[in-house]
Amino acid sequence: MKNICAVVIFSVLLYACGHVEKPVDLTVKSAATSEMSKYEIGRVTENPLASYVKLPGQLKPFEEVNLYAKVNGFVKEVLVDRGTKVRKGQVLVRLEAPEMESQVQMANSKFVQAQENAVASKEKYRRLNEAAKEPGSVAPLDLDNAMSRMKADDAIVMAERSNVDVMKNYKNYLIITAPFDGVIIQRNISSGALVGPGSKSNDQPMLVLQHLQKLRLEVYIPEAYVDQVDLNRPVSFVFNSMPEKTLEAKISRSANSLTSLRSEAIEIDLQNDKQLLKPGMYAEVKVPLLSETKSLLIPNNSIVRSTERQYVITVKDGKAHLVDVKEGLKAKDSTEVFGGLAGGDEILLHATDEIKEGTPIK
């Protein structure tokens, strides 16, 4: 029995040593798999990305004016300071110009003299005209000369009257008044300063006045969204200084023209009776878009960015084609793009700049 067992065991060992299994070659399958999954292809979709677009906005005063002196003079009195609330027509600054007073008096004197000359000419003409009723008592030439002199003196009176009015207007320029209700936000003068068109101080305004009871929220809409803004829906916005308070208002006006940055300015009027809002404050504005507006969306990882351009790689007829795009809004997994794409186009995912135009895509 022991001999039989030993023979069986020996036979098994002999068969095992003689039968050597060949290793399985997996390289062919791996290569095939690698060749099939070398490029991952996705598609451009066309769907609404969002019902609004978030843009930055800045508050500006509804009206603002820099106040300068129209005539040369010295500052006699400054009746306001920075932060002073003023009403329309209120006196802000008084100037003085002694030489102007002399010019006004001179103009008045010439006007009075012209009036007296005109009165004398009229009286002379009246007397000559009465005397001319007696035939041969007054020469016709003398009567004509008297009439001409009377008309000339009347014209001089009108000219001197205009000169007096001009000097009075110049004198009124010495009093600076507020053109509208508002707040003085800047003061650059003091009493005794020389101001006016001929002075160096005229490089900057005497005062800066802003109308703060009403403000403009200015927002610039990129060119891609200009035709998509819904003007019938209110705009919501949150100021950085008041993040807990969301406000709403309708668009008041638009520029209807693009700036050099390819954007259109829109304005939203805001009442600010309590003056809690200040010009210069920034806000995050949600501008509503038309609901039927659709966007071209591509996966975030399909955009190739370089220092010169940004593009996606489309696949047509088994070859790569580079298409320049501009980015719009971004969602969690997709990005809105603008360029020579259409819904359903095939694009490469995880594309790199190593893929050139015309590269075969398998």
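Conventions and cut-offs
- Residues numbered from 1 in each chain as written.
- Predicted model: local features only at pLDDT ≥ 70, side-chain atom pairs only at ≥ 80, totals over all residues.
- Heavy atoms only, no water.
- UniProt positions renumbered as here; feature names shortened; annotations may be inferred.
- Helix = DSSP H or I, 4+ residues; strand = E, 2+ residues; numbered from the N terminus.
- Expected span 1.5 Å × (residues − 1).
- Contact = heavy atoms within 4.5 Å.
- Pairing = 2+ DSSP bridges.
- Salt bridge = Lys/Arg side-chain N within 4 Å of Asp/Glu carboxyl O.
- 1 Å grid on protein atoms, 1.4 Å probe; cavity = no way out; pocket = protein on both sides within 12 Å on 5 of 7 lines; lining within 4 Å.
- Points joined across faces, edges and corners; volume = space filled by probe spheres on them.
- Nonpolar A, V, L, I, M, F, W, Y, C, P; charged D, E, K, R; others polar.
- Domains from an automatic or database assignment.
- Phe/Tyr/Trp six-rings, centres within 6.5 Å; stacked < 30°, edge-to-face > 60°.
- Buried < 20%, exposed > 50% of the residue type's maximum accessible area, 1.4 Å probe, protein only.

As annotated in an unreviewed UniProt entry, the chain is Efflux transporter periplasmic adaptor subunit from Niastella koreensis. Turning to the chain, the UniProt record has this under Sequence similarities (unreviewed entry): "Belongs to the membrane fusion protein (MFP) (TC 8.A.1) family."

*Asks:* Please provide a residue-by-residue account of helix α3 (residues 98-131), values included.
*Replies:* Taking 1.5 Å per residue as the helical rise, α3 with its 34 residues ought to reach 50 Å, and the 50 Å between its terminal C-alpha atoms agrees with that figure. Buried residues belonging to α3 abut α4 (140-172).

*Asks:* Just give me the short version of the sheet that holds strand β9 (residues 194-195), but keep the residues and values in it.
*Replies:* Here we have four strands laid out as an open sheet, ordered β7-β6-β4-β9, and antiparallel in their pairing. Of all strands in the sheet, those with a lone pairing partner are β7 (175-177) and β9, marking the two edges. Pairing analysis gives three bridges linking strand β6 (residues 91-96) to β7, with the strands arranged antiparallel. Each bridged residue has a counterpart across the sheet, and for Val-93 the counterpart in β7 is Ile-176.

*Asks:* Can you explain the pattern of salt bridges? Please cite residues and give values.
*Replies:* Scanning the model with the defined rule gives 17 salt bridges in all. The salt bridge partner of Glu-77 is Arg-94, with a shortest N-O separation of 3.4 Å. Of this pair, Glu-77 sits in strand β4 (residues 73-78) while Arg-94 is found in strand β6, placing the two residues 17 residues apart along the sequence. Residues Arg-127 and Glu-123 are paired through a salt bridge, measuring 3.1 Å at the closest nitrogen-oxygen approach. Within this pair, Arg-127 and its partner Glu-123 are both found in helix α3, separated by four residues, close to a single helical turn. Three or more residues are tied together by salt bridges with common partners; here these are Arg-216, Arg-253, Glu-267 and Asp-269.

*Asks:* Requested: an account of the layout of surface pockets, with residues and values cited.
*Replies:* One number sums up the size of the largest pocket: a volume of about 160 Å³. Taken together, Pro-222, Glu-223, Ala-224, Tyr-225, Leu-261, Arg-262, Ser-263, Lys-326, Glu-327, Gly-328 and Phe-338 make up the lining of the largest pocket. Looking at which element gives the most residues to the lining of the largest pocket, the answer is strand β19 (residues 319-330), with three residues. In the lining of the largest pocket, the residues fall into five nonpolar, two polar and four charged. Residues lining the lining of the largest pocket come from more than one domain, with at least three contributed by each of domain 1 (41-49 + 293-360) and domain 2 (52-61 + 211-288).

*Asks:* Any chance you could break down the packing of aromatic side chains for me, citing the residues and the numbers?
*Replies:* A full pass over the atoms with the stated rule returns three aromatic pairs. With a centroid separation of 5.9 Å and an interplanar angle of 55°, the aromatic rings of Tyr-170 and Tyr-173 are classed as tilted. Residue Tyr-170 is classed as partly exposed on the basis of its relative accessible area, which comes to 37%. Using a relative accessible area of 29% as the deciding quantity, one classes Tyr-173 as partly exposed.

*Asks:* Please provide a residue-by-residue account of the pairing of strand β11 (residues 235-239), values included.
*Replies:* On any regular strand, side chains alternate: one points to one face of the sheet, the next to the other face. With four of its five residues buried, β11 lies for the most part within the structure. As paired elements, β11 and strand β12 (residues 246-249) share four bridges and run antiparallel to each other. Across the sheet, residue Phe-237 finds its bridge partner in β12, namely Leu-247. One ladder, built from four bridges, connects β11 with strand β15 (residues 282-288); its direction is antiparallel.

*Asks:* Outline unusual backbone geometry, supporting the account with residue identities and numerical values.
*Replies:* The phi torsion at Asn-256 lies on the positive side, around 55°, for a residue other than glycine. As for its placement among the helices and strands, Asn-256 is situated in strand β13 (residues 253-258). The backbone phi angle of His-350 is positive, close to 55°, even though this residue is not glycine.

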